[in-house]
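Residue-level structure breakdown
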Amino acid sequence: MTAKKVLLFSLLSLFFSFNIFSQELDPVKWESSIKKLSNEEYELIYTASIDEHWHFYSIVPADPDGLGPIATEFTFLDKENNYELVGEIQESESIRIFEEAFGMEVNYFENQAIFTQRIKVLNPNIEVIKAEVFFQACDAEKCLQPENFELITALDGSKIIKEEVEIDEQSKQLSEELNLNVTGWDKYESQAVEGKSYFTVFLLGFLGGLIALLTPCVFPMIPLTVSFFTKSSTDSKKGLFNSILYGVFIFLIYVLLSVPFHIMDSLDSGILNTISTNVTLNIIFFVIFVVFSFSFFGYFELTLPQSWSAAMDDRANKIGGFVGIFFMALTLAIVSFSCTGPILGGLLGSTMASDASAMQLSMGMGGFGFALALPFTLFAMFPKWLNSLPKSGGWLNTVKVVLGFIELALALKFLSNSDLVEHWGLLKREIFIGIWIIIGIGLALYLFGKIKFPHDGPSQKLGKGRVTTAILVIAFVIYLIPGLTNTKWANLKLLSGFPPPLTYSIYDKPEEFTITKSLEEGIALAKTLNKPIMLDFTGWACVNCRKMEEQVWTDDNVNEILVNDYVIVSLYVDDREALPKEEQFQYLRTNGTVKDIETIGDKWGTLQTINFQNNSQPYYVLLDHNMGLLNPPRGNTPDEDVYYNWLKTGLDNFNK
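Residues numbered from 1 in each chain as written. Predicted model: local features only at pLDDT ≥ 70, side-chain atom pairs only at ≥ 80, totals over all residues. Heavy atoms only, no water.

Turning to the sheet that holds strand β17 (residues 619–623), a few remarks are in order. As summarised here, the arrangement of the four strands in space is β12-β14-β13-β17, forming an open sheet in which the pairing is mixed. The open sheet is flanked by β12 (515–516) and β17, the only strands paired with a single partner. Two strands pair when backbone bridges link them, and strand β13 (residues 533–538) and strand β14 (residues 567–572) are joined in this way by six bridges, in the parallel orientation. The residue bridging I533 from the neighbouring strand is V567, located in β14. In the packing of helix α17 (residues 519–529) onto the sheet, the strands contacted are β12, β13 and β14, and the crossing angle to β14 comes to about 175°. Its contacts with the sheet place helix α18 (residues 543–552) against β13, β14 and β17, and it is angled at close to 140° to β13. (Pairing = 2+ DSSP bridges. Helix = DSSP H or I, 4+ residues; strand = E, 2+ residues; numbered from the N terminus. Contact = heavy atoms within 4.5 Å. Axes fitted to C-alpha atoms, helices over the stretch in contact; angles between N-to-C directions.)

Here is the structure:
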């Protein structure tokens, strides 16, 4: 493995230490053999058998800069004074296809791949040739974590038997209990998890970009930059073209910021969701958002190093042309970071707080960049519009302070995620909503001029925009107040997924559903009541899970069928509570490695991946008492009618 790939693999391992999904699948099986060509020369033959619908990539990189999929790579060990390679390694014929995930043509193998390497033996006493293959297996929906597989080949052609990993009898028994032996897959295909549409995410990013335009770091730059392009060129058409190009480069810069997440997402489609439930990262996001909010309040400025912007500005002046305009756009991105950074952080944080994909993040970043770039192009096309722009002034600082209050409110979401996963009990639903009410009151008082921050000017007559915003904030605070009560109005549907769930309450609320967190108890209860089982793979920090429970499960038809006709088994895959010592065990994966099952989340996450080859939440499975599927499993389903029909179909099949 090259140093470049070692570095990439090491960085990614930080994230994959939170995830077990990729390790449960073993779609590529390797075998080695040898062919003797002479007394000194041999041909090593490595054969990969690939499961249906899976593939891995050629040894020839699809992109010389390493932006494409990870190419397969062989490393031959212990060569010195033992043997030498004769020529390059050869591979069987691969398939060439355009992959949208990487935006390029790639070569990969399906069904089977054969690699051959000639060697010349230098040490007559050597008995085996050791090698490692580094590869990445993918299917149409996801790629697994790239891994190393050891290949040991005996020169005499005898079969090498690897030492098997041993686990104790208790671990074997508990591992077997994780396999539900679910039947009915031949009748039903798994339903893909639904998420926000790309267009919706683009619009949210676009809205964030429009807000960023109204900050004091960006707004004053619009007339200055447009005037520079339109007046610095004797050719008006050239000035217009340069201004448009400037806008295009701004858009591309923000889209490029999402590229690292495509690398992570290509390795595991659930990586963003996995990061979103990690306690440490959620606390880090909480601290970052609090810092962002106080920066917006004006207590200090968050800026990237001055040397960065100076270097970019210097290059823009020296180089000129297309490259110079690119560096001008990059300079704007760096200089405006103190205002755009917190908004971008909110965009990234909202993506992390859902089961979004890297492509959705790119669409959000693209929307943000497009909104920032648009005025530079439009005002260059219609320079007279510049006269209609409001003058810079104190209102820009007001926008920043308002954003500071919003950042402070959003920060609580990340602390809440950690609190839910660890069961600290710090931010019960009513406490969370109460803090939001206090933040809302503080924002209203600021807008009415009763509170001041460091960069605010002397008191002036309140404008219509400021008063209108204050009234909207007060209306929002009033909407929040029922959330403090133990009434039917406490379910704030407009905010589903942001506050903690209704069940995480200071009140002792009886559960209306027949629901349990124990799989064994749920199966036994279903048999006693003669009801079908709904496995609810969920998470304490899962936003879409809360939206389903508070918006879809509360629908009259859905609620009735869940209450009367199903036993719900809710399995929290991010629960960090330790299992009792006698229930902790080692699970032997199919690839020979061992996974320590120490927490409740470890157990249910492993059960989900073993039986359903899926690690997304929410994920719903309807089963009969013999673990037979009643219809296709479903992911996030925000449409009440679709979800009800799915439940009704499962119930009908159970009754048959």
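Take the pattern of salt bridges next. Within this structure, the stated rule accounts for seven salt bridges. Here E105 and R96 are joined by a salt bridge, their closest N and O atoms 3.1 Å apart. Looking at E105, the relative accessible area reads 42%, which means it is partly exposed. For K172, the salt bridge goes to E169, with nearest N and O atoms at 3.5 Å. Here K172 and its partner E169 are both found in helix α3 (residues 169–178), three residues apart, which amounts to about one turn of the helix. Judged by relative accessible area, which is 58%, E169 ranks as exposed. (Salt bridge = Lys/Arg side-chain N within 4 Å of Asp/Glu carboxyl O. Buried < 20%, exposed > 50% of the residue type's maximum accessible area, 1.4 Å probe, protein only.)

Scanning the entire structure with this criterion turns up 34 aromatic pairs. Seen in terms of ring centroids, W30 and F56 are 5.5 Å apart; in terms of plane orientation they differ by 50°. Their pairing is tilted. Placement of W30 in strand β1 (residues 28–36) and of F56 in strand β3 (residues 55–57) is noted, with a sequence separation of 26 residues between them. W30 gets classed as buried once you look at its relative accessible area, which sits at 9%. Taken together, the aromatic side chains of W30, Y46, F56, F74, F76, F109, F115 and F135 make up a single cluster linked through ring pairs. Its guanidinium or amino end placed over the ring of Y504, K428 lies 5.4 Å from that ring's centre, counting from NZ or CZ. When the ring centre of Y446 is taken as origin, the NZ or CZ atom of R466, which lies over that ring, is 4.8 Å away. (Phe/Tyr/Trp six-rings, centres within 6.5 Å; stacked < 30°, edge-to-face > 60°. Lys NZ or Arg CZ within 6 Å of the ring centre and 35° of its normal.)

Strand order in the open sheet formed by four strands is β1-β2-β8-β5, with antiparallel pairing between adjacent strands. Across the chains shown, the open sheet's two edge strands, defined by having one partner strand only, are β1 and β5 (83–91). Sheet twist, expressed as the mean angle between neighbouring strand axes with direction ignored, is 20°. Of the strand pairs in this sheet, β5 and strand β8 (residues 112–121) are connected by six bridges, and their pairing is antiparallel. The residue of β8 that forms the bridge with L85 is I119.

Secondary-structure assignment places Y254 in helix α6 (residues 236–256). Exposure remark for Y254: the relative accessible area of 3% places this residue in the buried category. C-alpha separation for the pair Y254 and F368, spaced 114 residues apart in sequence, amounts to 7.4 Å.

Phi angles above zero are rare outside glycine, and D78 is one such case at about 55°. One non-glycine residue, N181, adopts positive backbone phi at about 55°. Considering the arrangement of structural elements, one finds N181 in the loop between α3 and α4 (198–213).

For the rest of this paragraph, the subject is the packing of helix α19 (residues 556–565) against helix α21 (residues 640–655). Where α19 meets α21, the axes come as close as 9 Å, and the angle between the chain directions of the two elements is 30°. What the angle tells us is that α19 and α21 run roughly parallel. For the crossing formed where α19 meets α21, the hand is left-handed. From α19, N557, V558, I561, L562 and D565 reach across to α21, where they touch E640, Y643, Y644, L647, K648 and L651. Tallied by class, residues from the contact of α19 with α21 come to seven nonpolar, one polar and three charged. (Parallel < 35°, antiparallel > 145°, perpendicular 65-115°, else oblique. Left-handed = near helix turned anticlockwise from the far one by under 90°. Nonpolar A, V, L, I, M, F, W, Y, C, P; charged D, E, K, R; others polar.)

Turning our attention to the environment of F109. The residue F109 is located in strand β7 (residues 104–109) in this model. Considering only alpha carbons, one finds F109 and Y57, 52 residues apart in sequence, at a separation of 6.2 Å.

The subject of this paragraph is the side chain of T516. Tracing the backbone shows T516 in strand β12. A relative accessible area of 8% places T516 in the buried class. The residues touching T516, leaving out its near neighbours within four places in the chain, are E521, G522, I568, V569 and S570.

It is worth spelling out α19 at this point. All of the buried residues in α19 are V558, N559, I561 and L562. Residue D555 occupies the N-cap position of α19, its side-chain oxygen lying 3.2 Å from the main-chain nitrogen of N557. (Polar contact = N/O pair within 3.5 Å; in protein donor to acceptor, adjacent residues only side chain to side chain.)

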